[in-house]
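Chain by chain, the residues run as shown.
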Amino acid sequence: MTAWEAVVAAIDTGDPQRVADRVLALGERERREVAALLPGHIAVAERRAEARQLERITRRERESEAAWREHVRRARSVGRTVHERERWEWNTPWNPLWQPGREETWVDPLRVAGAAAIGGAAAVVAWLNRREFQDRWEVSGDTTAILERVLSTRPAAWQEDFATRAAIRLRPAPRRRRRSDETDAIALAMLRRTGVVPPEHDPLVVAWVRRPPAPGDPLLDHLLPRIFEAEGVGAALRGERAEPPAPGTWLAALTELAGQGRRDLLLDGCVRRFLRGGEATDLRFFVRLHELLEPSRDEVSKRAVDYLRLLPAAPGAVAEMALRHLRGLDHLDRAEVAEALRALLFRAERKLVTAGLTWLDAVAPGWPGDLDELAPALGYAFACESADVQGRAVRVAVKHAKRFTPVGAQALRDVIGQLPPQLGETLAAVFGGEAAEEPPEPFTPVPLPAPRYAEAFPDPVTAPVELGPRGGGWEAAELWLAGVVRLHHDDRAGLVTRLSEWRPGARSPERPWPDVWQWAEEIARLILTGASPAQGLPRPGSVSAPHLFLLRRWAEVHSALQDGTLPPYLLAEPTEGTGHVDAAELVARLAGYERRGVEALPADLQQALLRLPREAAPEVVARARRLTSEAGRAAARWMDGGRPEPVTEIGWLGSGRLDLGEYRDDQEAATTRTPDLEPRIRVAPTGLALVDELLAEPGWRRREGQGGLLPWWPYVMPSHREVVALHFVPHLLYGWPAQGPKPAEVYALSLAGGPWGEGMALVLACLLADPSWSKLPVVRARLMVDLAARGDGDAGEIGRQLGLLLRRTWLKPGPVFEALESAAEQGAHEDVWRVMTGFLPVFLPGPEEQPQTRHTQALAFALRAARWAGAREPVPCVAEIAERRASNNFVREARRLHTYLT
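Conventions used here
Residues numbered from 1 in each chain as written. Predicted model: local features only at pLDDT ≥ 70, side-chain atom pairs only at ≥ 80, totals over all residues. Heavy atoms only, no water. Helix = DSSP H or I, 4+ residues; strand = E, 2+ residues; numbered from the N terminus. Core = buried A, V, L, I, M, F, W, Y, C linked by side-chain atoms within 4.5 Å. Buried < 20%, exposed > 50% of the residue type's maximum accessible area, 1.4 Å probe, protein only. Contact = heavy atoms within 4.5 Å. Salt bridge = Lys/Arg side-chain N within 4 Å of Asp/Glu carboxyl O. Pairing = 2+ DSSP bridges. Axes fitted to C-alpha atoms, helices over the stretch in contact; angles between N-to-C directions. Parallel < 35°, antiparallel > 145°, perpendicular 65-115°, else oblique. Left-handed = near helix turned anticlockwise from the far one by under 90°. Nonpolar A, V, L, I, M, F, W, Y, C, P; charged D, E, K, R; others polar. Expected span 1.5 Å × (residues − 1). Phe/Tyr/Trp six-rings, centres within 6.5 Å; stacked < 30°, edge-to-face > 60°.

Participant: Explanation requested: unusual backbone geometry in the structure shown.
Facilitator: It is generally the case that most residues other than glycine have a negative phi and that most peptide bonds are trans. Backbone torsion omega between Glu-243 and Pro-244 reads -15°, so that peptide bond is classified as cis. By the secondary structure assignment, Pro-244 is in the loop between α11 (233–237) and α12 (250–276). Unusually for a residue other than glycine, Glu-294 sits at a positive phi of about 45°. Secondary-structure assignment places Glu-294 in the loop between α13 (280–293) and α14 (297–302).

Right, dumping it as structure tokens:
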């Protein structure tokens, strides 16, 4: 075995330690040969590792399936029923936890091989940072020690050169941790080993603080002052908690260092970092450190000017901290206090403006002379967006009115117009001037637009030239499948010629086949060659019921071709753009089957029944009753009152509002905290197995691997749109993977037939509330406008589901009200008010709950909606709030709405 072959064999084991031993045992010439061959081996090593992984996955699936069958056998032997949910229980012999194997790794062995074999320090750094090695998650242990070992065999000067180059090569770390952590670790390890002075490089400091502090770290003296200067440190440490700091964290370590002669360095560093500015989340760590240091009054006094400089523009948490310490001083002069109050009352944050008003109210009695110097600051508070803050500012002004001279009073009169009319009148009664009048909101109702309807379904395929290529939506698939069946009977030679243009692959793809176009290729292969695997359906439960139903239609055509039982045409080929099949057409098709002695395919027949309109003409039902075949009798029963009528509802698992406050700074984390929605269906069995499977409760857990077929579901059951909506429910409210229903699917669902229930209302409510569907309110509102134009839907139930969404998810009222306002502007103003009558009882807080700004906003919007619609009927929940004795903005808005309605 050559040296290179020995190294390759070591790499294939996935053991970096073995690779290091093998390469270090080579001579200089052999190492150069290995170094020259390594770049070309990267792709080879990856392919070999993937092949080993695939082999293990296949073996695991085979063993899991055998274990499941044995579990089912044992359960049945003792008379126990095995439920499908047991198939997906974790950490069982048939569904074991995934444990990646060392032999599947290849990145770390290659990195170690290059570090040991490549000659120059710069070349080794480049090798370790190769693009192919990044963002690879492998379980092979920490290779830093192994890399340090192989690098330590180099001369001291070489090691120092490597340490400096590796440190400079570091790049800003992303929010998510990745493979570059290993590169960071070896750079830090070599800096410590060599003792070389670290270069001034921000990513190096970030990499240093992303690891727990180590006692006696030789890098401490060099890098500690830099943590207050380097960009990215705050983001890396923002998750550390301070109440109290956990052992082994930077907050704990730095607090301990403060008692070892570094207190001034840390305090000055924090203040310097605050003055440099930045995002609130990136400053959070430094605020916590500053508060853990508990600066004394003397320490605050020494830095008072800097704290004052933080009040006007620093992020809220920093400004609050600075204010808290300044309020503890008793020697601030008049000019400094005035400057601080102007800074606070000019802020937009309600909390800071409130704190400023509290401070002004406290210092006013002892303020020398008049208060004219504070009048401009007080005027700033009148412009605050919070009505509560505006009201407090007016109360402070009225309380100290006698301390203002005519000059100060005029300064307050000049800004009286920024107050709401009621507050302006209160201030004007004391200081003079005129309050702003409340302008009437201009709204001109417009008629609803003409409703949209589904386009006509294309003509059926009757000639080979009309048979389209692979790919496309549900219409293309239906035309293709029905066309192949029809042409196989009418023009098989032409069909073979047309399908030969497909040039299907040399062999069938790996099973199962979750996509209909994979089945199309197998049907074409079977017609052209007479050979195709017998079965390729996914396991029941591995995909959603509508998805599996779609595949079964294609699978039974494939099986009928193999068995020679393919009918001359399909029963379920749609005749309308909604997916419906005309009842008279289906009766004619069934009569044709009876004349020819053809037996209907089960999935095709049941799909045809599901596509029947909800009403059939009496003469069509009479013709259906005269059919004699089993399929004909099933169709007659279905049309003659035998259609199943499921009872449906949505269950919100858990109770109370889903509180995502602690995740507000991390949207990715927030979107993973999703409430569990449980779709519920109750219906008597029909005796049609596939129909009963579709009408069964889909459960609240998603099934991955939809194969892109979710947009086709509305056309599977176009007369049972509520059931389809319930199948959509497990896929709502998830940001990733993006496989939930989109506006086009919801539009198709709205055009379908059948009762309207909680599922339809919830799907439409999500469309209105979630701006990720479309950031344009007019787009999100268009479907609601269409429903209003058709006189369809249940606006009150949509409102109720909107209230539940806003109470129990991260969705916010703003986008909801924007979409509803757009719907009103498009003519649906009466439906918008009906939405609000369903929304308010669910969304508004009860007597034991604390009202928030969002609830006040909802009442204000409801008043606008009531005026648009000319509503005059009271809403009980609003009347109850209006009768409360409180005088906050929430109650005031309820009184305004109730007064208008009554």
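Participant: Would you mind showing me how to read the nonpolar core here?
Facilitator: Generally speaking, a soluble globular protein has its nonpolar side chains buried in company with each other. Counting residues in hydrophobic clusters, the biggest one holds 152 residues, and the most contacted among them are Trp-480, Leu-820, Trp-833, Met-836 and Leu-897. When residues no more than four places from it in sequence are discounted, the contact partners of Trp-833 are Ala-862, Ala-865, Ala-866, Ala-869, Ala-871, Val-875, Leu-897 and Leu-901. With 131 residues, the next largest nonpolar core counts Ala-116, Leu-219, Leu-266 and Leu-378 among its residues.

Participant: What is the right way to read the pattern of salt bridges from this model?
Facilitator: Oppositely charged side chains can pair when the atoms bearing their charge come close. All chains considered together, the criterion is met by 53 salt bridges. With its nearest N and O atoms 3.1 Å apart, the salt bridge here joins Glu-86 to Arg-80. Take Glu-86: its relative accessible area is 8%, and that puts it in the buried class. On the basis of relative accessibility, which here comes to 36%, the residue Arg-80 falls in the partly exposed class. When the shortest N-O distance is used, the salt bridge between Arg-452 and Asp-786 registers 2.6 Å. Separated by 334 residues along the polypeptide, Arg-452 in the loop between α22 (421–431) and α23 (474–490) and Asp-786 in helix α36 (residues 777–790) bring together distant segments of the chain.

Participant: Hey, could you run me through the pairing of strand β2 (residues 677–682) in this one?
Facilitator: Regular strands place their side chains on alternate faces of the sheet. Side-chain alternation along β2 places Leu-677, Pro-679 and Ile-681 on a buried face and Glu-678, Arg-680 and Arg-682 on a face that remains uncovered. Two elements, strand β1 (residues 647–652) and β2, share 6 bridges in a ladder whose sense is antiparallel. By the bridge assignment, Trp-652 is partnered in β2 with Leu-677.

Participant: Would you take a moment to explain the packing of helix α26 (residues 545–563) against helix α28 (residues 602–610) for this structure?
Facilitator: The angle between the axes and the distance between the axes are what describe a pair of packed helices. Where α26 meets α28, the axes come as close as 8 Å, and the angle between the chain directions of the two elements is 135°. Classified by the angle their axes make, α26 and α28 are oblique. With respect to the hand of their crossing, α26 and α28 are arranged in left-handed fashion. Seen from α26, the contacting residues are Phe-549, Arg-552, Arg-553 and Glu-556; seen from α28, they are Pro-602, Ala-603, Asp-604, Gln-606, Gln-607 and Leu-610. Across the contact of α26 with α28, the residue classes tally to 4 nonpolar, 2 polar and 4 charged.

Participant: Just to check I follow, could you spell out helix α4 (residues 107–117) for this structure?
Facilitator: Helical periodicity: at 3.6 residues per turn, an α-helix aligns residues three or four positions apart in one direction. Most of α4 is tucked away, with 11 of its 11 residues classed as buried. All of the buried residues in α4 are Val-107, Asp-108, Pro-109, Leu-110, Arg-111, Val-112, Ala-113, Gly-114, Ala-115, Ala-116 and Ala-117.

Participant: Mind showing me how you'd approach helix α30 (residues 630–642) here?
Facilitator: With 13 residues, α30 should cover 18 Å at 1.5 Å per step; its first-to-last C-alpha distance of 15 Å lies more than 12% under that length. For α30, every residue scored as buried is listed here: Ala-631, Gly-632, Ala-634, Ala-635, Ala-636, Trp-638 and Met-639. Close packing links the buried residues of α30 with α27 (583–596), α28, α29 (618–625) and α32 (689–694).

Participant: For this particular structure, what's the right way to read the packing of aromatic side chains?
Facilitator: Within a pair of aromatic rings, the relevant descriptors are the distance that separates the centres and the angle that separates the planes. According to the stated counting rule, one finds 22 aromatic pairs in the structure shown. Aromatic pair Trp-106 and Phe-133: ring centres 6.4 Å apart, planes at 65°, arrangement edge-to-face. With Trp-106 in the loop between α3 (28–77) and α4 and Phe-133 in the loop between α5 (121–128) and α6 (144–151), this pair connects stretches of sequence that are 27 residues apart. Relative accessible area serves as the criterion here: at 4%, Trp-106 is assigned to the buried category. Both rings, one in Phe-817 and one in Phe-861, keep their centres 4.8 Å apart while their planes meet at 15°; by these two values the pair is stacked.

Participant: Even after reading the chapter, I still don't get the packing of helix α34 (residues 743–751) against helix α35 (residues 758–769), so can you show me in this structure?
Facilitator: Across the interface, α34 lies against α35 with an axial gap of 11 Å and an inter-helix angle of 145°. For the pair α34 and α35, the crossing hand works out as left-handed. Residues Pro-743, Val-746, Leu-749 and Ser-750 of α34 pack against Met-760, Val-763 and Leu-767 of α35. Classifying every residue of the contact of α34 with α35 by side-chain character gives 6 nonpolar, 1 polar and no charged.

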